[in-house]
Structures are given as structure tokens and as C-alpha cells.
Amino acid sequence: MTVDDTTSGDGAEPPSDPSVHATPHHEVDHTAEPTDDPLAIRLEALILGADRRYTPFQAARTAGVSMDLASRFWRAMGFADIGQAKALTEADVLALRRLSGLVEAGLLSEPMAIQVARSTGQTTARLAEWQIDSFLEGLTEPPEPGMTRTEVTYPLVELLLPELEEFLVYVWRRQLAAATGRVVQAADDDEMVDRRLAVGFADLVGFTRLTRRLEEEELGELVESFETTCADLVAAHGGRLIKTLGDEVLFAADDAGTAAEIALRLVEAMALDETMPALRVGIAFGTVTTRMGDVFGTTVNLASRLTSIAPKDAVLVDGAFAEELTRTGDAPVSEAQAAEDAAAAARAEKEGTDGEEPRPVPKYRYGLQPMWQRPVRGLGVVEPWLLARRGQS
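About the thresholds
- Residues numbered from 1 in each chain as written.
- Predicted model: local features only at pLDDT ≥ 70, side-chain atom pairs only at ≥ 80, totals over all residues.
- Heavy atoms only, no water.
- Helix = DSSP H or I, 4+ residues; strand = E, 2+ residues; numbered from the N terminus.
- Contact = heavy atoms within 4.5 Å.
- Areas by Shrake-Rupley, 256 points an atom, 1.4 Å probe, with all protein chains shown as cover.
- Axes fitted to C-alpha atoms, helices over the stretch in contact; angles between N-to-C directions.
- Parallel < 35°, antiparallel > 145°, perpendicular 65-115°, else oblique.
- Nonpolar A, V, L, I, M, F, W, Y, C, P; charged D, E, K, R; others polar.
- Core = buried A, V, L, I, M, F, W, Y, C linked by side-chain atoms within 4.5 Å.
- Buried < 20%, exposed > 50% of the residue type's maximum accessible area, 1.4 Å probe, protein only.
- Phe/Tyr/Trp six-rings, centres within 6.5 Å; stacked < 30°, edge-to-face > 60°.
- Lys NZ or Arg CZ within 6 Å of the ring centre and 35° of its normal.
- Expected span 1.5 Å × (residues − 1).
- Arc of directions from axis to C-beta.
- Salt bridge = Lys/Arg side-chain N within 4 Å of Asp/Glu carboxyl O.
- Lys, Arg positive; Asp, Glu negative; His and termini not counted.
- Pairing = 2+ DSSP bridges.
- Patch = residues over 30% accessible without salt bridge, like charges linked within 9 Å, V, L, I, M, F, W, Y side chains within 5 Å.
- Charge placed at Lys NZ, Arg CZ, Asp CG, Glu CD.
- Polar contact = N/O pair within 3.5 Å; in protein donor to acceptor, adjacent residues only side chain to side chain.

A.B. asks: Whenever I open this one, the overall build of the protein confuses me. Can you help?
C.D. replies: A tally of helices and strands in the protein yields 13 helices and 10 strands. Within the protein, contacts between residues at least 6 apart in sequence are counted, and of these 68% link residues at least 24 apart. For the protein, the computed accessible surface area is about 22,900 Å², with 53% contributed by carbon and sulfur atoms.

A.B. asks: When you look at the packing of helix α2 (residues 56-63) against helix α3 (residues 67-76) in this model, what are you seeing that I'm missing?
C.D. replies: Helix packing for two helices is described by the angle between their axes and how far apart those axes are. One can describe the packing of α2 onto α3 by two numbers: an axis separation of 9 Å at closest approach and a directional angle of 110 degrees. Considered as vectors, α2 and α3 are oriented roughly perpendicular to each other. Here P56, F57, A59 and A60 of α2 lie close against α3, whose contacting residues are M67, A70 and W74. Grouping the constituent residues of the contact of α2 with α3 by class yields 7 nonpolar, no polar and no charged.

A.B. asks: Just to check I follow, could you spell out the nonpolar core for this structure?
C.D. replies: For soluble globular proteins, the rule of thumb is that nonpolar side chains tend to be buried together. The biggest cluster of nonpolar side chains holds 39 residues, and the ones touching the most others in it are L279, V281, I283, V315, F321, L325 and L387. Considering each element in turn, this core owes the most residues, 9 residues, to helix α10 (residues 256-272). Those residues in contact with I283 that lie beyond four places of it in its chain are A198, V199, G200, A259, A263, A303, L306, V315, L316, V317, D318 and F321.

A.B. asks: Help me understand the packing of aromatic side chains in this model?
C.D. replies: The geometry of two aromatic rings is summed up by the distance between their centres and the angle between their planes. In the structure shown here, the tally under the stated rule is 1 aromatic pair. A centroid spacing of 6.0 Å and a plane angle of 40 degrees characterise the contact between F167 and Y170, whose relative ring orientation is tilted. With F167 and Y170 both in helix α6 (residues 149-184) and 3 residues apart, the pair spans about one turn of that helix. A relative accessible area of 51% places F167 in the exposed class. Classification of Y170 as partly exposed rests on a relative accessible area of 47%. Sitting above the plane of the Y154 ring, R42 keeps its charged end 4.1 Å from the centroid.

A.B. asks: What is the right way to look at helix α11 (residues 298-309) in this model?
C.D. replies: Along an α-helix, residues three or four apart share an orientation, since each turn contains 3.6 residues. Taking 1.5 Å per residue as the helical rise, α11 with its 12 residues ought to reach 16 Å, and the 17 Å between its terminal C-alpha atoms agrees with that figure. Listing the buried residues of α11 in full gives T299, V300, L302, A303, L306 and T307. The buried residues of α11 occupy an angular sector of 160 degrees when projected down its axis, which confines them to one face.

A.B. asks: Explain the pattern of salt bridges here, please?
C.D. replies: Taken as a whole and assessed by the stated rule, the structure comprises 14 salt bridges. Measuring nitrogen to oxygen at the nearest pair gives 3.0 Å for the salt bridge that ties D203 to R280. Taken as a pair, D203 in strand β1 (residues 194-204) and R280 in strand β4 (residues 279-291) lie far apart in primary sequence, 77 residues in all. Judged by relative accessible area, D203 falls into the buried class, the value being 9%. Connected via shared salt-bridge partners are E261, R265, E268 and R389.

A.B. asks: For this particular structure, what's the right way to read the side chain of D318?
C.D. replies: As for its position among the elements, D318 is in the loop between β6 (314-317) and α12 (319-327). Buried charge D318 goes without a salt bridge, the closest partner of opposite sign being R196 at 8.4 Å. Sequence-distant contacts of D318, that is, excluding residues within four places in its chain, are made with I283, A284, F285, L302, L306, E383 and W385.

A.B. asks: Any chance you could explain the pairing of strand β10 (residues 385-389) here in plain terms?
C.D. replies: With 5 of 5 residues buried, β10 is to be regarded as a mostly interior element. Here β10 shows a buried face lined by W385, L387 and R389 and a second buried face lined by L386 and A388. Judged from the 3 bridges that link them, β6 and β10 form a sheet pairing that is antiparallel. Bridging from a neighbouring strand, V315 pairs with L387 of β10. In this sheet, β10 lies alongside strand β7 (residues 366-370) in antiparallel orientation, the contact comprising 5 bridges. Of the residues in β10, the one forming a bridge with G367 is A388.

A.B. asks: How should a nonpolar patch on the surface be read in this particular structure?
C.D. replies: A surface patch of nonpolar side chains, about 290 Å² in accessible area, is lined by V169, W172 and L176. With respect to the secondary-structure elements, V169 resides in helix α6.

A.B. asks: What am I meant to see in a negative patch on the surface here?
C.D. replies: Where like charges cluster on the molecular surface, the negative patch consists of E215, E216, E217, E218, E221 and E224. Residue placement: E216 occurs in helix α9 (residues 216-236).

A.B. asks: I would appreciate a short explanation of the environment of T328 in the present structure.
C.D. replies: Within the secondary structure layout, T328 lies in the loop between α12 and α13 (335-351). T328 sits in the partly exposed class, given a relative accessible area of 41%. T328 sits 71 residues away from G257 along the chain, and the two C-alpha atoms are 8.1 Å apart. Within the structure, the side chain of T328 is placed 3.1 Å from the backbone oxygen of E324, a separation counted as a polar contact.

A.B. asks: Looking at this model, I keep getting lost on the environment of A263. Mind explaining?
C.D. replies: The topology assignment puts A263 in helix α10. Considering only alpha carbons, one finds A263 and A202, 61 residues apart in sequence, at a separation of 7.6 Å. With near-sequence residues (within four places) excluded, A263 lies in contact with F251, V281, I283 and V315.

Below, the structure is given as C-alpha cells:
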């Protein structure tokens, strides 16, 4: 919950020093006042581990930070303005001290600390909403007639909270270790921020028409099944799911071979599910800027455009991706070259050589078929390639 920047909790006006109080021209949303519902307050105290004690101004003053900085931290974390209600706890004060302490120690710049608050807030907000909507709601069905859901919720949260907290920290540490490992293996300092990646979009075909035909519950189940399947396949084969957009997912991989395998498996998995619409995938390879867990740049835009023109149940890739697959030996330069390699290896095996190993036949995993060049809005003329497994058209 964020702060209002106007009045202190004891009724006095905050100091007039502009460095101490409000972000100018900010309208306070007084509809975001904290609830007075007794059960909600009890649950809040249970989850936060402390009772309401401070107004926003008092919390900022106790933490030793300006109201301006406190406001920006809380807003970055995604909490609504609450006026000057006494709704903050010792945990809120401690969080302010920690963030501002990192800035004062020179470990983070102020903009970077704001970014940390924003990225953490956005990620955990979605996690919390999912857990309440899908997880907690299902578990709080009254076990006996006459019991209400609210009577079940408190003891359930009390039991689950420490376990979920430990699990959250474990997963975060694991993800942090994996991300750090990728960064330190970068070829140079520039590549730590602007890296060469394969970026792909997978998009359900005809999803808009489907939304008009399905009931809301059916649509929700379909989207959840799609996102779950994509997340599992991307993770299992060494990629990273960047984000989901309902009928579309964005993923990335460090190399073209990994991205190719993910894309084809996604198409194959959706084709086996009769409840799913057709899928189309577009992938591009090149320099990508990473910020707050997301990816940006021309490579991402090109992957999106390729997805929009890809045929149903097919994967389109750009020229750079095709070149990378041939460079690593995952795909032949052409089918003619692949046939020539196989024929040469067969001749060598038939003729035989004294004491020498026969020439191996290259084992290409994927095939590439050039498509018609076409103009792509904002990106000029591109030549897409149709990606398939070897032996498939």
C-alpha cells in the first residue's frame, strides 16, 4: 500500500522542504482506504506478522527517509495510496530502511532501487493473485455443512504460510543462481546486458473467435492448459519462459538448437490435444536487450512479425536463426548439400579404406525451407525459413 504525501498522522502538516514530502501533482485515491473487516485485519496481521501501527508519514519518518522516496518505493511495489490511515507495520518500516540503506551504502543507485522494488512487486503480485484465485480458493471449500469459507481460511493460511514462504525463497534462490550463471558466462561485459539470444513467440490461431464461442470457465481452463504446457516444455528443454499473454507466450533460449526443439515440441504437443486450436511459432536470433526479466529490441519485434505470418502448426524463423542452425551443424545448408554429404559417406563406406574409420554421415536434426521474401512492417524485407524436423515436409 502506498502513501499519501500530504498530512502526518498526528494532524500536523509535514515539513515544507520539498525533498521531504509529496510527489507533485499526485491525486490520492481515497477509495483505496484499508479495510476494517475484522477477519481481513486478522489475516493481514497473520501474514505480515505485525499489527497496523504507522501512517505513511510516520513510517517514512521512522525509517529515516523522505516522504518522496517512500512514496516512490511503495508505488513501485504496486501498492495503492491510502491517504494517512494508520495501516503500515514494522515490516513496512524495515523494507524502507533496507532499500534506502542499499542506496546510502552505494550498492544501488536510487533508480536501480526503484527498479528492484518494481520488478519484485510486479512478480509477486501476480503470484499472490494466482495463489488466492486458483489455489487458496479451492482449498477453502467448507469441509462440513454450516461452516463458512471465512472460518476455514484463517487456520489454513496459518498452516500454509511458513511452508509457502520457505518454498518461495528456495525457488527465488534457484532462479537467481541460474540467472547469475548465465550472466557470468557472457563473452564480454556488453553481452551481460545486450545478449545474442533466440527469441520465439507461440500464438494460438483463431483465439479471438474462440472467445466468442466458449463459456468463461471453459476459456479459462483452455488458457491455463496452454500456459502450463508451454511453461513445462520450455523449461524442460532448456529455455526460459519470458511471459504469457493469454493466447501467446514469449520464450528465449541461449542457442538456436534449443529454441528450435522447443518450438517444434510446442507445435507437436498442441496438435495432439484436440481441445486446442492450431499453433504458430516465429523465432528470430540476434542481439536482445534484457530489462526486469523481459526482452526488447529488433530481434523480439521480428520474432513477433514472423509469428503473425506463420502458417498453422508451423514454425517460421529468420535468416540469422537459419544461419546459426547451419553453423552449429543442427541443419544442412541445403537439402542438396545434405544429400551430397550422405552420398559421399556411402561411397566412402562402400569403397572402404585401409585401417581408416568410414566417413560419418552428418546427423542433422532439422530441415530449413526458404520461403518467399516479403516486406515486414517496420523491419524492411525479410526472408523467412520454414523449420521442420528432418524427414518432415
